[in-house]
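Tertiary structure, described
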Amino acid sequence: MDYVSALVPPVVMAVAFTALIVTMVKSQGGANKAKEDAAVDAALAARAEAEGPASAREAS
């Protein structure tokens, strides 16, 4: 029975990892993709605006 107790943790981790990957793949795209993309674009635009133009950073 030692082999069973030796194999259980890797099997459990493999199942959990597979479930994680399946969840990640399923959550890509879908109905909310446009909303998520818009949120990321807005965040990137806000960050770029907060940093200012590149020429102002190079001048200082």
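None of these values were measured; they are calculated from a predicted model. (Residues numbered from 1 in each chain as written. Predicted model: local features only at pLDDT ≥ 70, side-chain atom pairs only at ≥ 80, totals over all residues. Heavy atoms only, no water.)

1. Concerning helix α2 (residues 33-51)
The end-to-end C-alpha distance of α2 is 27 Å, a good match for the 27 Å that 19 residues give at a rise of 1.5 Å each. Following α2 by one or two positions, G52 has its phi on the positive side, about 85°. (Helix = DSSP H or I, 4+ residues; strand = E, 2+ residues; numbered from the N terminus. Expected span 1.5 Å × (residues − 1).)

2. A few points about the confidence of the model for the protein chain
In this model, the protein chain carries an average pLDDT of 85, and 87% of its residues clear a pLDDT of 70 or more. The weakest mean pLDDT in the protein chain belongs to helix α3 (residues 54-59) at 55; the strongest belongs to helix α1 (residues 2-26) at 94. (pLDDT = per-residue confidence, 0-100.)

3. Quick notes on α1
The first and last C-alpha atoms of α1 sit 37 Å apart over 25 residues, in line with the 36 Å expected at 1.5 Å per residue. A maximum bend of about 30° is found in α1 at V8, where proline P9 lies one to four positions downstream. (Bend = angle between axes of the 7 residues up to and from the residue.)

4. A look at the pattern of salt bridges
Applying the stated criterion across every chain yields a total of two salt bridges. Of the charged contacts, one joins K33 and D37 as a salt bridge, the two residues approaching to 3.5 Å between their closest N and O atoms. Placement of the pair is K33 and D37 together in helix α2, with a separation of four residues, close to one helical turn. Looking at D37, the relative accessible area reads 36%, which means it is partly exposed. Note that R47 and E51 form a salt bridge whose closest N and O atoms lie 3.4 Å from each other. (Salt bridge = Lys/Arg side-chain N within 4 Å of Asp/Glu carboxyl O. Buried < 20%, exposed > 50% of the residue type's maximum accessible area, 1.4 Å probe, protein only.)

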